Amino acid sequence: MANKTQIDHDDWPPCRLACPILTDAREYIQLIAERRFEEAFAAIRKQNPLPGICGRICTHPCEVSCKRGQVDEPIAIATLKRFAADGSRKDEYEAQPNESTGHNVAVIGSGPAGLSAAHDLALLGHHVTIFEVLPVLGGMLRVGVPAYRLPKDVLNEEIKAILDLGIEVKTGVRISDKIKIADLFDQGYKAVFLAIGAHKDRKLGIPGEDEFEGVVSAVSFLRDVSEKRNPKVGKKVAVVGGGNTAVDSARSVLRMGAETVHIVYRRSKDEMPAAQEEIEEAIQEGVQIAYLTSPLEILGEDGKVSGLKCIKNELGEPDASGRRSPEPVPGSEFTLDVDTVIAAIGQAPESSLLADELDLAEGAQRIAVKDPDSLATGLPGVFAGGDAVTGPATAVKAIAAGKRAAISIDHYLRGEALPKAEPLKEAEGKKLATEIVEKTRRLPRSRVQTLSVDSRLAGFDEVASGFTEDQAVQEAQRCLHCNLGAYLDLERCITCGACVEVCPLDIPSMGEDGKVYVDVFKCQACGTCAAECPVQAVSMRFYPPGHTVREVEKALKQSEISNPFVVGLFSQYGNFTGSHLDTLSKDFPQVVPVMVFGLERVSVSDLLRIFELGADGVLMAEAPPENRRFPETWPLVEKRSTAAKEILDLLGFAGDRLILYTMPEEGLFEGSWLAETIGEIKSLGPNPLRKEALAA
Amino acid sequence: MNIQDLIERTKVSFCQDCGVCTGSCPVSRVLPGFSPQQMVSKFILSADLGLEDEALSDRDMWSCLTCALCLQRCPSKVEYLEFVRAVREEAFRTGNKATFAHDGVIETIVNMQRGGLHQNKTAWAREAGQIAESGEYYLFVGCLPYFDVLFRDMGISSLDSASHMLKMLNKLGIEPVVSDEERCCGHDMLWSGNVDVFKELAAFNIEAIKRCGSKKVIFGCPEGYVTFKAYYPLYFGELDFEVVHFYDLVGQQIKEGALQLGHAEKRTVTYHDPCRLGRMAGIYEAPRELIAGMPGMKLVEMERNRENAVCCGVSCWANCSSYSKQIQMDRIKEAEATGADTIITACPKCKIHFTCALSSGDVGMEVKDLTCLMASAMEI
């Protein structure tokens, strides 16, 4: 009579399903909440080779689908990733590559797609050479994203960590120029991954574009900025376009001394594709956005740009992309007084030289892929992915392509069939019931610091800081633990109704058929029902059965056992910081702290087992009332503590060894209370089982 | 111990595949694929094929209630009970353990009674009556003080029956020893394969009784009674003291007029024979005579009574599940069908299990402990 096992995807949270690389955000958020920062980093890094980058620039579709967003604000999943990736946590991480396979693979392009493919292929044991046309690595990460969003040293560190796997690099080489793809195979490469991105700006297609000085392609402008070539910009700049490239250009140009910057975008604010945060930052910095405006003609004087003639639009019927088409309003023409026009209306891959070897799509620009699952092109052994195939998209989608290509190439090199993508359950987008939202405590999202506008515009320093440790822990604790909640095994259930009675969110219900129903979607995994169920028919994926005691065992193995030794079960939801914990360990080495996510998940059995393990005393430290996630479970916690104390008394252990208390508004305990309490426990003598317990 | 030896010792190869055990087994009625005969065949086959390890990792063995119904009816006299007990012992050694209800809290409490601690569990006795530090009579209380804490929320005061026993003994002029030093009798440990802990606990108990100089040890709990009477001697040789069931002692005293069940209470009752008291200890009539002696009580028997009584659904707190609940409700409906309004139990665990099953249903029956009813009848 085994417990029910769940199918793999069934317990994937919405954040994971929304991520192009299926990041298990829930896992690393939990580790951060437990202050297990090195483990959080390892969990991220083993699956994503560019975490510090993603943590800063990802469009975070995970946050859009985060269920917490239905209560107050979504978890700051990206900033938490940045937190884990910053700092010295990564020093402990070591990748474990497989044995060498002897195969050589050529990766063309060192942007996120190329870097990810190279990383994963190297881990699989293949020997990789990256060919990069520029003298520097990183693709758009380096030459497209400005340093104030993604500092170069962060980029350099992450690239180095990837290359340290033994990946070779050849810069200044354009494949398909002197070296064709066929040549690569002649040179001994067994497979090729084309990840050349989209670095060629589309032309505006308006009169004056090629006539006057001062018309710049956004991509080449940003590249010059990143290479510190100090491109000349005027004082009055118009950036045409509405994507991140346009906003990046506008914000960069401000930092280069422009006095007025206009973004000219043909649709309205709601349709603007750039990231919301970027747009807001740009406006804060003084960028003006002209919505529903299309450029008509670039005007010039003495061979230089003197103005941009524009027309206002109205939104008409939706076009092929599903967005409403802009229709010019007759008679609404006007001229912007500018001396520079930056074109940022979309990019395409520089693929013309590949046309004789490969099929190209989309007006003979993008590389055609025959099989979107395996990313195989028409040429055997040649794969392609990222912006070169899809057109400009996001970094994380490029990483997804790189990772997929690595798997495909690995299969190809081993002579196995190319993989098909597994169909995944769609993130459901279900709404949380109003009662659940109402009963969930509101918790403000942690906010990072940003530089003042003056400081920002003085240079290209990173605008946003990351989270501090305490901020990160607090933010991570807002997570609702989607799908980690109560799974009821109907075979075990004796329909006693205990879970129905104790759930603070009123989730289990007794059906007319006498069976108990639990809607896991609503559950936040507080663990109250699991601790109350008399036959352990409810299992939590979050803190599975016996977890608390196992954590105590682990903590005991890692600590010096002093006399007396007291196990402190501290509710994570208390209002304390890392430095409070440091003080505790320094001043009270007798206390072995074990963090628990709410005392309501601790059962009477757990408490007794901790004494069976040899503790002289046990503290149950509840969060102060304003911090408790589920204050109505307090009477249960009290009842269990009372029952455990009575049983300890009967056993001759002295129930006074078990102490239930509420932490103060700030910190882990009040004043001299802990010292006195430890003294009282000491006076009760050692745990009668101690000798045997510790010998075991 | 190897499986082949065990098979021979317990005569399981005498099984004729007649199926009487399966037809009798209450678990086999609710748990698909479970039957005593299946268990036996599995082990015989595994011994032949050298697959003992696989057989020993079987989880279904923990669902057996060890109620002895099959043992009683088997035409080949297969010693099924001992077979299960010994198989569990071997399985336990390989790491196959039962899943205990209540998150294993009772197992933990019992485990904590090993070692040199001195319990503090007799306050109830000093309140209820007169006890002694040493003497001829010893009242064995076992786990009742712990059950009292754990099942209070269900409305069960497990110590009531102990208080009543003490008062009745006092009325008979007996001031028994009630000791803080006694441990759990070890019944659950013995039956869940943990024979080492069982022996530790038993050794403590024998020593505690010896130190009190007692010669007559009185039991209210059928499990304690059978464990001491039938199993302690198997491991420790003949005991130095007599093992007495409270109903035998008090029944005799009532016959001799030393105690009167005078106060009338009108109830229509049915009596549930506990497996350990009935089939294992052979005590069927003593409780019935006590019921008959209580004025106002009308006893109506369930169809399956005495040696045919069906277990209350859980043994050793192991593998309690929806199957256990079905067995319980089945038995409760059988009780209801007699027209009785009360089920009389004579075992603290039967009382707990029936009360639990009734708490979530809509059968309006009361569960009453026989000793407590007697105490009402004696107005003590």
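Computed from a prediction, not measured in an experiment: that's the story for all the values here. (Residues numbered from 1 in each chain as written. Chains lettered and ligands numbered in written order. Predicted model: local features only at pLDDT ≥ 70, side-chain atom pairs only at ≥ 80, totals over all residues. Heavy atoms only, no water.)

**Notes on the nonpolar core**
Formed by 210 residues in total, the largest nonpolar core has its most connected members in Ile-32, Val-567 and Leu-569 of chain A together with Phe-83, Trp-124 and Met-374 of chain B. Sort the elements by how many residues they give to this core and helix H13 (residues 195–212) of chain B lands first, with 8 residues. Excluding residues that lie within four positions of it along the chain, Val-567 of chain A makes contacts with Val-552, Leu-556, Val-592, Val-594, Ile-610, Ala-615, Gly-617, Val-618 and Leu-619 of chain A. The next biggest cluster of nonpolar side chains, apart from the first, holds 42 residues, and it includes Leu-137, Ala-395, Val-396 and Leu-413 of chain A. (Core = buried A, V, L, I, M, F, W, Y, C linked by side-chain atoms within 4.5 Å. Buried < 20%, exposed > 50% of the residue type's maximum accessible area, 1.4 Å probe, protein only. Helix = DSSP H or I, 4+ residues; strand = E, 2+ residues; numbered from the N terminus. Contact = heavy atoms within 4.5 Å.)

**Some words on the environment of Phe-41 of chain A**
Inspection of the secondary structure assignment puts Phe-41 of chain A in helix H3 (residues 37–45). Residues Phe-41 of chain A and Ala-472 of chain A, spaced 431 residues apart in sequence, show a C-alpha to C-alpha distance of 13 Å.

**Considering empty space enclosed by the protein**
Evaluation of the coordinates by the stated rule reveals 15 cavities of 30 Å³ or more. Estimates place the volume of the largest cavity at around 230 Å³. Forming the boundary of the largest cavity are 17 residues, of which Ala-530, Ala-531, Pro-545, Gly-546 and Arg-601 of chain A lie nearest the centre. Contributions of two or more residues to the lining of the largest cavity are made by helix H20 (528–532), strand E22 (538–540) and helix H21 (547–558) of chain A. A per-class count over the lining of the largest cavity returns 8 nonpolar, 6 polar and 3 charged. Counting contributing residues, the lining of the largest cavity receives three or more from each of domain 3 (486–540) and domain 4 (549–695) of chain A. Of the pockets and cavities examined, the second largest cavity occupies roughly 190 Å³. What lines the second largest cavity is a set of 18 residues, among which Cys-143, Phe-147, Cys-185, Cys-221 and Glu-223 of chain B lie closest to the centre. At the level of secondary structure, the elements contributing two or more residues to the lining of the second largest cavity comprise helix H10 (144–150), helix H12 (187–191), helix H14 (222–236) and helix H18 (348–359) of chain B. The residue inventory of the lining of the second largest cavity, partitioned by class, reads 12 nonpolar, 3 polar and 3 charged. (1 Å grid on protein atoms, 1.4 Å probe; cavity = no way out; pocket = protein on both sides within 12 Å on 5 of 7 lines; lining within 4 Å. Points joined across faces, edges and corners; volume = space filled by probe spheres on them. Nonpolar A, V, L, I, M, F, W, Y, C, P; charged D, E, K, R; others polar. Domains from an automatic or database assignment.)

**A word on the side chain of Arg-68 of chain A**
Residues and elements named next belong to chain A. Inspection of the secondary structure assignment puts Arg-68 in the loop between helix H5 (61–65) and helix H6 (77–85). According to the relative accessible area criterion, Arg-68 is buried, its value standing at 2%. A polar contact of 2.9 Å, which involves the side chain of Arg-68, links it to the backbone oxygen of Arg-441. Leave out the neighbours within four places in its chain, and Arg-68 touches Glu-73, Pro-74, Ile-75, Thr-440, Arg-441, Arg-442, Leu-443, Arg-478 and Leu-480. (Polar contact = N/O pair within 3.5 Å; in protein donor to acceptor, adjacent residues only side chain to side chain.)

**Considerations on the state of the cysteines**
Residue and element names in this part refer to chain A. Evaluated as defined, the whole model comprises 0 disulfides over all chains. Here Cys-58 is not cross-linked by a disulfide; its sulfur's nearest cysteine counterpart is in Cys-54, at 5.3 Å. Relative accessible area serves as the criterion here: at 19%, Cys-58 is assigned to the buried category. The thiol of Cys-482 is not disulfide-bonded; the next cysteine sulfur, from Cys-479, is found 6.3 Å away. (Disulfide = S-S within 2.5 Å.)

**Side note on the sheet that holds strand E3 (residues 242–245) of chain B**
All names here are of chain B. Pairing in this open sheet of 3 strands is parallel, and the strands run E1-E2-E3 from one edge to the other. With partners counted over all chains shown, the strands left at the sheet margins are strand E1 (137–140) and E3, one partner each. Strand-to-strand twist of the sheet, defined as the mean angle between neighbouring strand axes without regard to direction, takes the value 30°. Bridge count for E1 against strand E2 (residues 216–219) is 4 bridges, and the pairing is parallel. Paired with Phe-140 across the bridge in E2 is Phe-219. Of the strands in this sheet, E1, E2 and E3 touch H14, which is tilted by about 155° from E3. (Pairing = 2+ DSSP bridges. Axes fitted to C-alpha atoms, helices over the stretch in contact; angles between N-to-C directions.)

**Some remarks on the pairing of E3 of chain B**
Residue and element names in this part refer to chain B. Here 4 bridges tie E2 to E3, and the two strands are oriented parallel to one another. Residue pairing for E3: Ile-218 is matched across the bridge by Val-244. In this fold, E2 hands off to H14, which returns the chain to E3; that crossover is right-handed. (Right-handed = clockwise from strand over helix to strand, strands pointing away.)

**Regarding the packing of helix H11 (residues 218–226) of chain A against helix H12 (residues 244–255) of chain A**
Axes are the key here: two packed helices are described by the angle between their axes and the distance separating the axes. All names here are of chain A. Between H11 and H12, the shortest axis-to-axis distance is 10 Å and the interhelical angle comes to 45°. With respect to H12, the axis of H11 lies oblique. When you trace H11 past H12, the crossing you get is left-handed. For the pair H11 and H12, the contacting residues are Ala-218, Phe-221 and Leu-222 in the first and Thr-245, Asp-248, Ser-249, Ser-252 and Val-253 in the second. Its residues assigned to classes, the contact of H11 with H12 shows 4 nonpolar, 3 polar and 1 charged. (Parallel < 35°, antiparallel > 145°, perpendicular 65-115°, else oblique. Left-handed = near helix turned anticlockwise from the far one by under 90°.)

**A look at the sheet that holds strand E25 (residues 617–622) of chain A**
In a beta sheet, neighbouring strands are held together by backbone hydrogen bonds and run either parallel or antiparallel to one another. Residues and elements named next belong to chain A. Spatially, E24-E23-E25-E26 is the arrangement adopted by the 4 strands of the open sheet, whose pairing is parallel. At either margin of the open sheet sits one strand with a lone partner, and together these are strand E24 (591–596) and strand E26 (658–662). The mean angle between the axes of side-by-side strands here comes to 20°, regardless of whether they run parallel or antiparallel. The sheet contacts of H21 involve strand E23 (566–571) and E24, and relative to E24 the element is tilted by about 145°. The sheet strands contacting helix H24 (residues 634–650) are E25 and E26, and the helix crosses E26 at an angle near 160°.

**Here's the deal with a negative patch on the surface**
Residues and elements named next belong to chain A. Together, Asp-649, Asp-656, Glu-676 and Glu-680 make up a negatively charged patch on the protein surface. Tracing the backbone through its elements, the reader meets Glu-676 in helix H25 (residues 673–683). What makes Glu-676 partly exposed here is its relative accessible area of 47%. (Patch = residues over 30% accessible without salt bridge, like charges linked within 9 Å, V, L, I, M, F, W, Y side chains within 5 Å. Areas by Shrake-Rupley, 256 points an atom, 1.4 Å probe, with all protein chains shown as cover. Salt bridge = Lys/Arg side-chain N within 4 Å of Asp/Glu carboxyl O. Lys, Arg positive; Asp, Glu negative; His and termini not counted. Charge placed at Lys NZ, Arg CZ, Asp CG, Glu CD.)

**Some thoughts on the side chain of Arg-445 of chain A**
Residue and element names in this part refer to chain A. Turning to its location among the elements, Arg-445 is positioned in the loop between helix H16 (434–439) and helix H17 (453–457). For Arg-445, a relative accessible area of 17% gives the class buried. A distance of 3.4 Å separates a polar atom in the side chain of Arg-445 from a polar atom in the side chain of Glu-63.

**Quick look at the pattern of salt bridges**
In this structure the tally under the stated criterion is 69 salt bridges over all chains. In this structure, the salt-bridge partner of Glu-89 of chain B is Arg-85 of chain B, at a minimum N-O distance of 2.7 Å. On the criterion of helical spacing, the pair formed by Glu-89 of chain B and Arg-85 of chain B is a turn pair, its members being 4 residues apart in helix H7 (residues 80–93). Pair check on accessibility: Glu-89 of chain B and Arg-85 of chain B agree, each one buried. The shortest N-O distance in the salt bridge between Glu-200 of chain B and Arg-114 of chain B comes to 2.9 Å. In this pair, Glu-200 of chain B sits in helix H13 while Arg-114 of chain B sits in the loop between helix H8 (105–111) and helix H9 (123–128), placing the two residues 86 residues apart along the sequence. Look at Glu-200 of chain B and you get partly exposed, because its relative accessible area is 29%. Looking at Arg-114 of chain B, the relative accessible area reads 30%, which means it is partly exposed. One salt-bridge network, held together by shared partners, links Arg-149, Asp-248, Arg-251, Arg-255, Glu-278, Glu-281, Glu-285 and Arg-456 of chain A.

**Some words on the environment of Thr-390 of chain A**
Residue and element names in this part refer to chain A. If you trace the backbone, Thr-390 turns up in helix H14 (residues 387–390). By relative accessible area, which is 45% here, Thr-390 ends up partly exposed. Distance in space between the C-alpha atoms of Thr-390 and Gly-197 is 9.1 Å, their sequence separation being 193 residues.

**Let's talk about the interface of chain B and chain A**
Every contact between the two is made by 35 residues of chain B and, on the other side, 32 residues of chain A. Carbon and sulfur atoms supply 59% of the area buried between chain B and chain A, which totals about 2,700 Å² over both sides. Three residues, Asp-103, Met-112 and Val-149 of chain B, lead the burial of chain B against chain A; their summed loss comes to 23% of the area buried on that side. Where Glu-646 of chain A meets Arg-152 of chain B, a salt bridge forms, and the shortest distance between an N and an O atom there is 2.7 Å. Looking at the side of chain B that touches chain A, the elements that each hand over two or more residues are H8, H10 and helix H17 (322–337) of chain B. Partitioning the side of chain B that touches chain A into residue classes produces 13 nonpolar, 14 polar and 8 charged. (Buried area = accessible area lost by both parts, 1.4 Å probe.)

**Observations concerning the confidence of the model for chain A**
Atom-level detail of predicted coordinates should not be read off regions where pLDDT is low. Residues and elements named next belong to chain A. On average, residues of chain A score 91 in pLDDT, and 96% of them reach the 70 mark or higher. Mean pLDDT across the elements of chain A ranges from a minimum in helix H26 (residues 690–695), with 65, to a maximum in helix H7 (residues 112–123), with 98. Predicted confidence is poor over residues 1–7, with pLDDT under 50, and the contacts of this stretch with residues over four places away or in other chains come to 15 contacts. (pLDDT = per-residue confidence, 0-100.)

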